[in-house]
Each structure stands twice: as C-alpha cells, then as structure tokens.
Amino acid sequence: MSKVTTPSAPGEDARPVQAGKVAEWLSEVFALNRAGINWPRAVLFLDVALVPVLVLWALGREEYLLSALFGALFAALADPGGSYGNRVSHIALFALIGAGLTALGFGISGSGWGWLALAAFAVTLAGGLAAAFGAHRFVTALLLNVWFIITVAVAFGLHQQPHITSYTWAQVLAWAGGSALWITVTFLGWLIHGRQDRPAVAVELPGDTSRRPLTRPLIMFAVIRAVVIGGTVAIAFGLNLSHGSWMPIAAIVAMKPSLEQSTLTAAQRLAGALIGAVAAALILLIPANEHGSTLIAITRGLEVVALIVLMHGFAIRFWNYALYCAAIAAGVLILLDLPQPSNFSAEGYRVLWTLCGAGFAVLVMLLAGLLAKRTTTTPPHPTAQPA
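Predicted model only: the values in this text are computed from it and were never measured.

### A few points about the overall build of the protein chain
Of regular secondary structure, the protein chain possesses 13 helices and zero strands. Helices (α) and strands (β) of the protein chain occur, in sequence order from the N terminus, as α-α-α-α-α-α-α-α-α-α-α-α-α. Taking all 387 residues of the protein chain together, 51% fall into the buried category. Taking contacts inside the protein chain between residues at least 6 apart in sequence as the whole, the part at least 24 apart equals 82%. Accessible area for the protein chain stands at about 17500 Å²; split by element, carbon and sulfur atoms hold 68% of it.

Here is the structure:
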C-alpha cells in the first residue's frame, strides 16, 4: 500500500524558517567577543568610584552621587591618552563643558517642561553635529549629551521629593570633583610609569580627530534625533508622568547616535536598553514598603549593587555591546530612582515609559535606514559609539 502524504497547511513551512531567522538574529545580537573583557579596567573604575561613594555617604549627601560618579566615569572615557599635558587639557575642557551642562540641567529643572525640552533638543543637536570635528570629539559630545539627559531626569526627580534638598552649585561641584578625581588618578599613573606617555583607558574607542563634511542626510539625522529627545522630555515632564524620566533615558540609550552605525549595533542598543530597564525595575521592588533604618540599609545596599553593575559594564564594553548597554542602563536607572517610592504600580509605569522611549528609538532607526541610502556616495567614516 502506498503511503499517503498530507499536504502541509500554508505557512507551516515558513514557521521553522522564521524561527531560525530569529534565533540567528539573537545569536548575532548577543555574540560574545572573549577578547573584549577587561577586568583591570573595571577594577580601576570601582576603585575610583568608591571614593565619592564613601565621601558622600559620610556626608549624608547621596543625592550628589550620580554627578560625582559620572564625572569620573565619563572623564575616563574621554581621556585621549598620549602625553600627560595633552590628556589633562582635553579632560579639563571636557569637565568644564560638563560642568556647564550640569548647571544648565539642574538650573532650569524648575522652570517648566518647555525649557527642559528646548535645552534637550539643543544639546542633542549639538552632539549630533559634533561629528564634523572627528570621531573622538563626536564620542565625547555624545557622552556629554547622555549626561545632560541624566541631569534633567535627576533634577526633575529631586523636585518631586520635598524632603531632599539639592543645590545646583553642589551638583556642579560633584561633577567637577569626579572629573578632578580622574585627573588625579592619571597623574599618579603617569608618575608610577616614569612620566611616560600612556594609552587611553578605552583604547578601542575611536581616536580620530580629522574633520569631515556634514552632508544633508547627516544633518537631517541629527535634527531627527534632537526632535525625538526633545519630544520625549516634553512628554515625560510636560504631562508630569509618573517615573516619566525613564522615557528619554531609554530613548537616548536605544537610539543610533550616528547614521553610519550598523543595524546590528542599533539592535544591540535597543535590546540592552530594554533588558537594563526591566532589571532595574525588578531590583527597585526590593525597598518597596520598607521604612526607617531598614529602608536606609537597603538603599545603601542597592547603591553598591548599582556600582557593581556599572563596573561590569566597564569590563564588558567590547565583550558584548547589548549586555554593556543593559549594564549601563540598569546602573543609571537604579541610582536615578532610588529616592522614588517603589511598588508594583511604579514598576509598571517604569517599564511602560521604557517601552515608549524604545519605540521612539525604533522610529529613528527606520528613518536612519532611509537616510543612509542617500549617503552611499559619501566617504566612509569610523563608527562612533558612545561609551
């Protein structure tokens, strides 16, 4: 008797193919570069970060911790290496601009959402157009851009906590202190190594400072990014959304910073932003319904957890970009929202606004794909990823 075969239903053959494509895509997004782990760099960051943590704990002024930590972290990433005089001049200029943005972010936090949105638009646009001054300056501009969005979120959150007093000048001093701490570390390292030129801490980041022309598509992309960041700030703070600051942070972490960045890297940024936000939301449930000394102890513990998460991010920057973005997003969001009350409703809002911010990032990536087709005749430029 001959075997009767039953024809497969339409779409049955396509499902395994689609599943295989999804698995292949995930394997690419989370592919590991074993040579990319740098634990000595991570331990160095932890050693440096413990200084402001212990000092601010002793003073009881944890509201200035983010400014001090990111002053040191971003100054380290902006360190170009080379001769000590060149390094100090570059880091000092970076720290000075960052201090100005810190003053701006905290200074206008009580002036209304319109000023916040306008400032976020202007800073993001300037960061995008910095590509004209070379890949290295583009990276440092993006670092400052990310920091400004964080300052806006922190400042707005502190305004919602009347029991916490935060002074703009003190936030600027904390940022400057963190940057000065890194300059001190580089000086000690320079002396220890016999006053020889030293490489950059993140040697994998682009160091090119050669200028490039700004084409119309690149300018348009910079404007689109600025509109999205300004728009998310306006929505989050104009509508006074509960934990709405997660929206612009998720958007800037997940968005492509440049038109040349690959689709794979963009997918890694998006995946990392979502993973980091979900992880932070779950961790922030720990202090829910706690009060008094127990809440203080848990808050201190979670600050250490955030510090360790950021340390791992510093270690795996070139191990896997998606996991790196997840670590940075989780660390920032934990420190950002520790003063905020936490419950299941709050976590729901945090995840919701993260998804909205990521949705805006996806829209920008789609537009970037269309704009990229118009740059095929322009010379290639090193892809710059913000650290």
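There's plenty left to go through after this.
### Some words on unusual backbone geometry
For Arg-195, which is not a glycine, the phi torsion comes out positive at approximately 60 degrees. For Arg-195, the location among the structural elements is in the loop between helix H7 (168–192) and helix H8 (216–238). On the basis of relative accessible area, Arg-195 is assigned to the exposed category, the value being 57%. Its identity is not glycine, yet His-243 carries a phi of approximately 60 degrees, on the positive side. Structurally, the position occupied by His-243 is in the loop between H8 and helix H9 (246–254). For His-243, a relative accessible area of 12% corresponds to the buried category.

### Concerning a nonpolar patch on the surface
A cluster of nonpolar side chains, Phe-187, Leu-188, Leu-191 and Ile-192, forms an exposed patch at the surface whose accessible area comes to about 380 Å². When you line up the elements, Phe-187 lands in helix H7.

### Some words on helix H4 (residues 84–107)
A rise of 1.5 Å per residue sets the reference length of H4, with its 24 residues, at 34 Å; its end C-alpha atoms lie 34 Å apart and thus fit the reference within 8%. Tucked into the core, H4 has its buried residues touching helix H3 (65–78), helix H5 (113–129), helix H6 (135–159) and H7.

### Re the packing of aromatic side chains
What the rule picks out here adds up to twelve aromatic pairs. Both rings, one in Phe-70 and one in Trp-147, keep their centres 6.0 Å apart while their planes meet at 20 degrees; by these two values the pair is stacked. Here Phe-70 is found in helix H3, whereas its partner Trp-147 is found in helix H6, with 77 residues between them in sequence. As far as burial versus exposure is concerned, Phe-70 and Trp-147 are alike and both buried. Their ring planes at 55 degrees and their centres at 5.8 Å tell us that Tyr-84 and Phe-187 sit as a pair that is tilted. One end of the pair, Tyr-84, is in helix H4; the other, Phe-187, is in helix H7, with 103 residues separating them in the sequence. Looking at Phe-187, the relative accessible area reads 34%, which means it is partly exposed.

### Here's the deal with the side chain of Ser-109
Within the fold, Ser-109 resides in the loop between H4 and H5. On the basis of relative accessibility, which here comes to 7%, the residue Ser-109 falls in the buried class. Within the local environment of Ser-109, its side chain forms a polar contact with the backbone oxygen of Phe-106, the two atoms lying 2.9 Å apart. Sequence-distant contacts of Ser-109, that is, excluding residues within four places in its chain, are made with Leu-116, Ala-155, Phe-156 and His-159.

### Some words on the nonpolar core
Soluble, globular proteins show a tendency: their nonpolar side chains are buried together. Residues Phe-45, Leu-69, Phe-70, Phe-74, Phe-148, Trp-175 and Trp-246 are the most contacted members of the largest nonpolar core, which totals 108 residues. Per element, the largest residue contribution to this core is 13 residues, and it comes from H6. Sequence-distant contacts of Phe-45, defined by excluding residues within four places in its chain, comprise Leu-73, Leu-307, Leu-310, Met-311 and Phe-314.

### A word on the confidence of the model for the protein chain
Overall, the prediction assigns the protein chain a mean pLDDT of 84, with 89% of residues at 70 or greater. Considering only residues more than four positions removed or in separate chains, one finds that residues 377–383, a stretch of pLDDT under 50, has ten contacts.

### Quick look at H8
Given a rise of 1.5 Å per residue, 23 residues ought to cover 33 Å, and the 31 Å separating the end C-alpha atoms of H8 matches this to within 8%. Where H8 terminates, the next one or two residues include Asn-240, which has phi positive at roughly 50 degrees.

### Let's talk about the packing of helix H10 (residues 263–283) against helix H12 (residues 321–337)
It is the contact of H10 with H12, at a shortest axis distance of 7 Å, that shows an interaxial angle of 35 degrees. Considering the relative orientation of H10 and H12, their crossing is right-handed. Contacts between H10 and H12 involve Thr-265, Gln-268, Arg-269, Gly-272, Ala-273, Ile-275, Gly-276, Ala-277, Ala-280 and Ile-283 on the former and, on the latter, Tyr-321, Ala-322, Cys-325, Ala-326, Ala-329, Ala-330, Leu-333 and Ile-334.

What counts, and where the lines are drawn
Residues numbered from 1 in each chain as written. Predicted model: local features only at pLDDT ≥ 70, side-chain atom pairs only at ≥ 80, totals over all residues. Heavy atoms only, no water. Helix = DSSP H or I, 4+ residues; strand = E, 2+ residues; numbered from the N terminus. Buried < 20%, exposed > 50% of the residue type's maximum accessible area, 1.4 Å probe, protein only. Contact = heavy atoms within 4.5 Å. Areas by Shrake-Rupley, 256 points an atom, 1.4 Å probe, with all protein chains shown as cover. Patch = residues over 30% accessible without salt bridge, like charges linked within 9 Å, V, L, I, M, F, W, Y side chains within 5 Å. Salt bridge = Lys/Arg side-chain N within 4 Å of Asp/Glu carboxyl O. Expected span 1.5 Å × (residues − 1). Phe/Tyr/Trp six-rings, centres within 6.5 Å; stacked < 30°, edge-to-face > 60°. Polar contact = N/O pair within 3.5 Å; in protein donor to acceptor, adjacent residues only side chain to side chain. Core = buried A, V, L, I, M, F, W, Y, C linked by side-chain atoms within 4.5 Å. pLDDT = per-residue confidence, 0-100. Axes fitted to C-alpha atoms, helices over the stretch in contact; angles between N-to-C directions. Left-handed = near helix turned anticlockwise from the far one by under 90°.

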